[in-house]
Every structure is written in structure tokens, then in C-alpha cells.
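Overview (structure and organization)
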Amino acid sequence: MKAFAIVMWGHEGSEKAFDQLWHSWKLTEQPFPMKRFAAITGDDDIDALLKSHKIKWNYPWERSEIDLASGLVKNPYPTANPRTRIACALSHYKLWVKCYKENEPILVLEHDAIFTKTLNHPHLLDSKYDIIGINDPRGATRRARDYFIAVERNKDGLQRPPVIDDMSVPQGIAGNSAYIIKPSGAKKMLDLVDEYGLWPNDAIMCRQLVPTLAITKQYYTKVQGLASTTSL
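Residues numbered from 1 in each chain as written. Predicted model: local features only at pLDDT ≥ 70, side-chain atom pairs only at ≥ 80, totals over all residues. Heavy atoms only, no water.

This model, assessed by the stated rule, comprises eleven aromatic pairs. Taking the centre distance of 6.5 Å and the plane angle of 80 degrees together, the rings of Phe 4 and Phe 37 count as edge-to-face. Taken together, the residues Phe 4 in strand β1 (residues 2-7) and Phe 37 in strand β2 (residues 34-38) connect sequence positions 33 residues apart. The class of Phe 4 is buried, set by a relative accessible area of 6%. Consider the rings of Trp 22 and Trp 25, whose centres lie 4.6 Å apart with planes at 35 degrees: the pair is tilted. Placement of both Trp 22 and Trp 25 in helix α1 (residues 12-27) is noted, with a separation of three residues, approximately one turn of the helix. (Phe/Tyr/Trp six-rings, centres within 6.5 Å; stacked < 30°, edge-to-face > 60°. Helix = DSSP H or I, 4+ residues; strand = E, 2+ residues; numbered from the N terminus. Buried < 20%, exposed > 50% of the residue type's maximum accessible area, 1.4 Å probe, protein only.)

So this is what it looks like as C-alpha cells:
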């Protein structure tokens, strides 16, 4: 397994965050290599990138709507610049493509992740799950306290993401800033985008659409608490 950290090259905040991530990777002596992965940004030609992958953005910006194909409610995200939201989803999408084409599991990291302990990943790769979140939910996701309590109440060390909202709302891993994805999981995500269109990566990667999505009860990463590069 290899780790890829999504970094906005030349962006001061992103570069500093990656420096902290890199330091934590060394400090916790992770047993896998980690490389920078150039993020798609709002300055890139988003329309051309969508066209090159033969996909379309299919998520609302202002009003909630029901996705008739999935039955899920798509609630708009607070977004300063819509192009940055699409760019973030495309960065993850490109790593899903990479994972599937190279037929090798990878650890996807956003630049604001930070390792807190050594990740013993072989047993996770041997599990029945295709995508596994390893991030501490505290400070990383909406209703983080409810999420954390639900995970703690579950005795399983490897478990499905908790239900913290109505099941019509996509619910997944904590923040999507750190997750292992196997080629089978990457194929599933690519198929979902083909079927439903491209959504924010943490919305389309949800327990309702991905039966083999899981999280670890023992957390290996947390977020640095930085300002979002996509939200208002």
C-alpha cells in the first residue's frame, strides 16, 4: 500500500499543512511510503477535466433536492467558489482512477490530515471492506460528537459508519481526509459517479451507496483544524 497526500502545489497553507503531515508520518514510523499528489484547483480548467473523464457534476448549489435515482437528499454545501468544490471531488476521483488502474490499494490523505499513531494496515486490507476511514471524527465532520459517541458504543473495531441522521441523508466516513481504498472500492466509486454524476466526495462515498464502506474504531489520523479551502 502507498499513501497519497492531496496538496495544492504552491499554496502556502496547503504546503504548510503537508509539512505537518509529513512530520507526523515520520514521527509515527508509518510502514508505507507517502507521496504528494497534485490537487486539482479552482484555477484549473474544470469543464475540460470533467469532459476528459466523461463525467458531469450533479449536485445542487443553492437548494436541497432529492436525487431520484438514489432516493437520497442532496443538501448544498456552503461553498465560496463552486469550482473549488468540484476541484476537490476531482482530486479524489483521480486517485480512485489511479487505484483501479494500478490494481493496488492506496491510502488517500488530504493535506490537513495528521498521523497520531502507526497504522497497522494488513488486517484492514484483508477485511471484507473495500473502503475504510481511519480518521478521528472529532473536529472532522458534522455532528462530530454524535458520530464519536455512536462509534464508541459499537463494540466492533471495524464497523460500518454510524447512522447520525435521517437515512435519506448521505452518511459516510469522518471528513474523507484519510481513508484506505482497495481497487474494488475504487471501481465501486467510479461506477457510482457514472450512474449518479459527480458529487462532493464525502457525499457520494456514503453507507447508503457503498455497502462495503467502514471505519476503524481505533483512529490513526486527525485533522489539523485548518480553515477549509472550499467552504465559506
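With that out of the way, let us pick up unusual backbone geometry. Even without being a glycine, Lys 54 presents a positive backbone phi close to 60 degrees. Here Lys 54 is to be found in the loop between α2 (46-52) and β3 (65-66). Lys 54 sits in the exposed class, given a relative accessible area of 75%. The backbone of Arg 143 sits at a positive phi, close to 50 degrees, despite the residue not being glycine. In this structure, Arg 143 sits in the loop between β7 (131-133) and α5 (144-153).

Attention now goes to the sheet that holds β2. In any sheet, the strands associate via hydrogen bonds between backbone groups, in a parallel or an antiparallel arrangement. A sheet is described by the order of its strands in space; here seven strands give the open sequence β2-β1-β5-β9-β7-β10-β8, paired in mixed fashion. Edge positions in the sheet fall to β2 and β8 (158-159), since each has one partner strand and no second. Lying on the sheet, α1 is in contact with β1, β2 and β5 (106-110); it crosses β2 at an angle near 165 degrees. (Pairing = 2+ DSSP bridges. Contact = heavy atoms within 4.5 Å. Axes fitted to C-alpha atoms, helices over the stretch in contact; angles between N-to-C directions.)

Turning next to the pattern of salt bridges. Throughout the structure, instances matching the rule amount to nine salt bridges. Between Arg 138 and Asp 136 there is a salt bridge, with the nearest N and O atoms lying 2.7 Å from each other. Classification of Asp 136 by relative accessible area gives buried; the value is 11%. The partner of Asp 191 in a salt bridge is Lys 187, with the nearest N and O atoms 2.8 Å apart. You can see Asp 191 and its partner Lys 187 sitting in helix α6 (residues 183-196), four residues apart, about one turn around the helix. For Asp 191, a relative accessible area of 33% puts it in the partly exposed group. Take Lys 187: its relative accessible area is 32%, and that puts it in the partly exposed class. Connected through shared salt-bridge partners, Glu 65, Asp 67 and Lys 74 make up one network. (Salt bridge = Lys/Arg side-chain N within 4 Å of Asp/Glu carboxyl O.)

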